[in-house]
Amino acid sequence: SSVNEKPSSSVDCDTGRTVIPTSTNATTPASTSQSRTPVSFNEYRQRKEKERSSRFKPKAKKAKIEKKGNEKTPSEVKINIALKKLRDNDLKFVRGSSLPLTVCPTIGSTELLNKAAEKIVKFNSDLTFGAFGFTLLYPDRTKVINLPGSEEPFTLEKYKKDIGKAYTRLTFYICKTEDYLEFLYRPSYCSDSDPDFDIIDKVLNNL
């Protein structure tokens, strides 16, 4: 018989249906799946990290808002005070007399003088308030009444702003008023040969 001959059909006696036998030469269809190339551990890890990063979007960074000009004035600040005494016709700084002083930044010259004098006397047993008390001085030995170079009354906050230093770097000096008057009375303190009595009068009037 021919190789391509189809198998003959038969009739089922019980059902009367024609039965066509399956071909004995049927072949299994070829597999369509392709073999996969082995993946190294590093490649697998990189692939997983890439998949993971694609799932999560980084949060947008909030822009930092710089607050300028809205800084609150502190209720208390620390400054430095020190003692000066008249020696050799000059007001000289007394070593070891520097002390910290906590005050309100809006403090004026009179209140600052009182607080500074109170603390200086407390830590220097040889000092007393005396008849004329004490005088508060700037580093250049001028009396603290107004802001330097102006007629505006002194406040610590404004002085700090004008001089451009931190509160902790500000130093004021205390001396006995008698020493200060004697210092002003020296002819060498003034440009002329005579002392400046106008300055002395101002000091006496502000006692």
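Up top is the structure these notes are about.
This write-up is about the structure you can find in this document. (Residues numbered from 1 in each chain as written. Predicted model: local features only at pLDDT ≥ 70, side-chain atom pairs only at ≥ 80, totals over all residues. Heavy atoms only, no water.)

Let's shift gears to helix α2 (residues 109–122). For α2, with 14 residues, the first-to-last C-alpha span of 20 Å sits near the 20 Å given by 1.5 Å per residue. In this structure, the buried side of α2 is in contact with β3 (77–87), β5 (99–103), β6 (134–137) and β7 (171–176). (Helix = DSSP H or I, 4+ residues; strand = E, 2+ residues; numbered from the N terminus. Expected span 1.5 Å × (residues − 1). Contact = heavy atoms within 4.5 Å.)

For the rest of this paragraph, the subject is the nonpolar core. A general tendency of soluble globular proteins is for nonpolar side chains to be buried together. Counting residues in hydrophobic clusters, the biggest one holds 28 residues, and the most contacted among them are Ile79, Leu112, Phe154, Leu156 and Phe172. Where this core is concerned, the elements lending two or more residues are β3, β5, α2, β6, α3 (156–163) and β7. With six residues, α2 is the largest single contributor of residues to this core. If sequence neighbours within four positions are ignored, Phe154 has contacts with Ile107, Gly108, Ser109, Leu112, Tyr138, Val144, Ile145, Asn146, Leu147, Tyr159 and Phe172. Ala82, Leu91, Leu137 and Cys175 belong to the second largest nonpolar core, which has nine residues in total. (Core = buried A, V, L, I, M, F, W, Y, C linked by side-chain atoms within 4.5 Å. Buried < 20%, exposed > 50% of the residue type's maximum accessible area, 1.4 Å probe, protein only.)

Okay, the packing of aromatic side chains next. Both the distance between ring centres and the angle between the ring planes are used here to describe each pair of aromatic rings. Scanning the entire structure with this criterion turns up seven aromatic pairs. Taken together, a centroid distance of 6.3 Å and an interplanar angle of 80 degrees make the contact between Phe93 and Tyr173 edge-to-face. Here Tyr173 lies in strand β7 and Phe93 lies in strand β4 (residues 90–93), a separation of 80 residues in the sequence. Aromatic pair Tyr138 and Phe172: ring centres 6.2 Å apart, planes at 45 degrees, arrangement tilted. Residue Tyr138 is located in the loop between β6 and α3, and its partner Phe172 is located in strand β7; the two are separated by 34 residues in the primary sequence. Given the relative accessible area of 4%, Tyr138 is considered buried. The buried category is assigned to Phe172, whose relative accessible area is 0%. Ring-pair connections join several aromatic residues into one group, and the members of that group are Tyr138, Phe154, Tyr159 and Phe172. (Phe/Tyr/Trp six-rings, centres within 6.5 Å; stacked < 30°, edge-to-face > 60°.)

Here the focus is the pairing of β5. In regular strands, side chains alternate between the two faces of the sheet. On β5, burial follows the alternation: Leu99, Leu101 and Val103 on one face are buried, whereas Pro100 and Thr102 on the facing-out side are not. Both β3 and β5 contribute to a ladder of five bridges, which runs antiparallel. Its bridge partner being in β5, Ile79 is matched across the sheet by Leu101. (Pairing = 2+ DSSP bridges.)

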